[in-house]
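# Topology and contacts: notes
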Amino acid sequence: PIFLAAVGPKMTETAGEVADGIFVHGLTTEKYLREVALPAMDRGLSKAGRQRSDLAVCRPLFLVTGATDGLGRALASDLAAAGADVLVHGRDEGRGRATLDEIRARTPAARVRFLRADLASLAEVRGLAAQVERETDRLDALGNNAGIGATTRGDGRREESRDGHELRFAVN
């Protein structure tokens, strides 16, 4: 299969005419897709005597770690609002559900999903990677935002991950 990455109307039209699929920009809005990209794609398909079902339309898939709080939560929300497909990572199921609810309240058509894993555990990191591989056909961008700050329960003492590594190095 031949997939073309297209942003502007001319390249999108060309993709409709000659390609098996098109990658649209990860921050393409629904409005731009509806008003500019799809009509251009349809013109190209028409030139080639093809139908919309002959062309796969793919959006980049983002995974944002540490997305249930702070900057990660804001990034996941902004990406979803801009039209991206977003995997929202966090270590707490309740905060994950709350984050998805908040994103969907802001952007009802958001394509978001929560993935739970504690990055302080290498086994859970491997499990997260396996889940992404099993449930998606690709991962286009990774926002490494998960982290542990200096103010944790260690009171200045070394804290270790479940695997015996210094906690901040393991997670951050």
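Preceding block: the structure.
Fair warning: this is a prediction, and the values are worked out from it, not measured in the lab.

## Examining the nonpolar core
Counting 14 residues, the largest nonpolar core has A76, L79, A80, V86, V88, I103 and V112 as its most contacted members. Every element with two or more residues in this core is listed here: β4 (61-64), α3 (70-81), β5 (85-90), α4 (93-106) and β6 (111-116). The leading source of residues in this core is α3, at three residues. Grouped together as the second largest cluster of nonpolar side chains are 13 residues, L63, L115, A117 and V132 included.

## Description of the sheet that holds strand β3 (residues 56-58)
Within the open sheet, the three strands sit side by side as β1-β2-β3. Their pairing is parallel. If you trace the sheet from one side to the other, it starts and ends with β1 (3-6) and β3, each paired once. Across this sheet, the average inter-strand angle for adjacent strands is 25°, counted without regard to direction. Here four bridges tie β1 to strand β2 (residues 21-24), and the two strands are oriented parallel to one another. Pairing of A6 across the sheet is with V24, part of β2. In the packing of helix α1 (residues 9-18) onto the sheet, contacts are made with β1 and β2, and the angle to β1 comes to roughly 165°.

## Things to note about the layout of surface pockets
Space inside the largest pocket adds up to approximately 530 Å³. Lining the largest pocket are 26 residues, and of these R91, R95, G147, I148 and V171 lie nearest its centre. Of all the secondary structure elements, the ones that give two or more residues to the lining of the largest pocket are α3, β5 and α6 (167-171). Per-class residue counts for the lining of the largest pocket are eight nonpolar, ten polar and eight charged. Approximately 250 Å³ is the volume found for the second largest pocket. Surrounding the second largest pocket, 14 residues form its lining, T65, L119, L128, L142 and N144 being those nearest its centre. Per element, the largest residue contribution to the lining of the second largest pocket is four residues, and it comes from helix α5 (residues 122-135). For the lining of the second largest pocket, a count of residues per class yields ten nonpolar, four polar and no charged.

Conventions we followed
Residues numbered from 1 in each chain as written. Predicted model: local features only at pLDDT ≥ 70, side-chain atom pairs only at ≥ 80, totals over all residues. Heavy atoms only, no water. Core = buried A, V, L, I, M, F, W, Y, C linked by side-chain atoms within 4.5 Å. Buried < 20%, exposed > 50% of the residue type's maximum accessible area, 1.4 Å probe, protein only. Helix = DSSP H or I, 4+ residues; strand = E, 2+ residues; numbered from the N terminus. Pairing = 2+ DSSP bridges. Axes fitted to C-alpha atoms, helices over the stretch in contact; angles between N-to-C directions. Contact = heavy atoms within 4.5 Å. 1 Å grid on protein atoms, 1.4 Å probe; cavity = no way out; pocket = protein on both sides within 12 Å on 5 of 7 lines; lining within 4 Å. Points joined across faces, edges and corners; volume = space filled by probe spheres on them. Nonpolar A, V, L, I, M, F, W, Y, C, P; charged D, E, K, R; others polar.

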